Amino acid sequence: MRLGMVVDTQRCLHCGACLVACKAENEVPTGRSRNWVAEREAGTFPGIGVRIEPGQCMHCENAPCVRVCPTGASYVDADGVVLLNPDDCIGCRYCIESCPYDARYFDEDSGTVDKCTFCVHRVAHRQQPACVLTCPAKVRVFGDLDDAQAPVSRLAAERGGAVLKPEAATRPKIFYLS
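All of these numbers come straight from a predicted model, not from anything done at the bench.

Calculation criteria
Residues numbered from 1 in each chain as written. Predicted model: local features only at pLDDT ≥ 70, side-chain atom pairs only at ≥ 80, totals over all residues. Heavy atoms only, no water. Helix = DSSP H or I, 4+ residues; strand = E, 2+ residues; numbered from the N terminus. Rg over C-alpha atoms; globule rule 2.2 N^0.38 Å. Contact = heavy atoms within 4.5 Å. Lys, Arg positive; Asp, Glu negative; His and termini not counted. Charge placed at Lys NZ, Arg CZ, Asp CG, Glu CD. Phe/Tyr/Trp six-rings, centres within 6.5 Å; stacked < 30°, edge-to-face > 60°. Lys NZ or Arg CZ within 6 Å of the ring centre and 35° of its normal. Pairing = 2+ DSSP bridges. Axes fitted to C-alpha atoms, helices over the stretch in contact; angles between N-to-C directions.

**Quick word on the overall build of the protein chain**
Tallying secondary structure elements over the protein chain gives six helices and nine strands in all. For 178 residues, the compact-globule formula gives about 16 Å, and the C-alpha radius of gyration of the protein chain, at 16 Å, lands near that figure. Taken along its principal axes, the extent of the C-alpha atoms in the protein chain is 50 × 35 × 35 Å. Sequence-distant contacts, at least 24 apart, represent 56% of the contacts inside the protein chain between residues at least 6 apart. Counting 20 positive and 22 negative side-chain charges, the protein chain places the averaged centre of each group 4 Å from the other.

Pasting the structure below:
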């Protein structure tokens, strides 16, 4: 199994429900976030517009955050999800510096780094991540990328999912539909 996600930016309403759901589900401290919704300029004059782009940890197959972690606190689980064991995190923040997507933050209260986990605690009970479940526009589709029949795989195959920052060669498992 290789868990991943496709994101249909055309459907995003920029309502922020995914942000609120993640904070509530994962008890993310005030002022911090495991996910975000960015606005990016798209097109050329006179056809300039704004692209709304939800984001989070890309759960990279070639994760630089895992390679630079001196204690092994950052690791990849059996389903390909990049996780962090806070008990082993020494707060050095090398993983934050190495992430090309700025997907991690330092929690001053705990002295450790935190990030999106794809809500593995929910997935273990056959539930969707909170950001997927709560989205009224169904922007995110989550599932097993190795299952050709799974909606996540079919959407990526049919609509040509692209990754952010391909030049980073991290092989993210979040694909943006065109």
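**A few points about the packing of aromatic side chains**
Taken as a whole and judged by the stated rule, the model has one aromatic pair. Lying across the ring of F106, R93 places its NZ or CZ 3.5 Å from the centre.

**Focus: the pairing of strand β2 (residues 35-42)**
As a general feature of sheets, a regular strand has side chains that alternate between the two faces. Both β2 and strand β3 (residues 49-56) contribute to a ladder of eight bridges, which runs antiparallel. Bridging from a neighbouring strand, V37 pairs with P54 of β3. The turn joining β2 and β3, which pair antiparallel and follow one another in sequence, is formed by six residues; a positive phi near 90 degrees is taken by G43.

**A word on the sheet that holds strand β1 (residues 3-7)**
Taking strand neighbours across the sheet as the criterion, the three strands line up as β8-β1-β9 in an open arrangement whose pairing is mixed. Two strands close off the open sheet at either side, each with one partner strand: β8 (140-144) and β9 (174-176). For this sheet, the mean angle separating the axes of adjacent strands, direction not counted, is 20 degrees. Of the pairings in the sheet, the one linking β1 to β8 comprises five bridges and is antiparallel in character. Its bridge partner being in β8, V7 is matched across the sheet by R140. Against the sheet, helix α6 (residues 151-159) engages β1 and β8, with an angle of about 115 degrees to β8.

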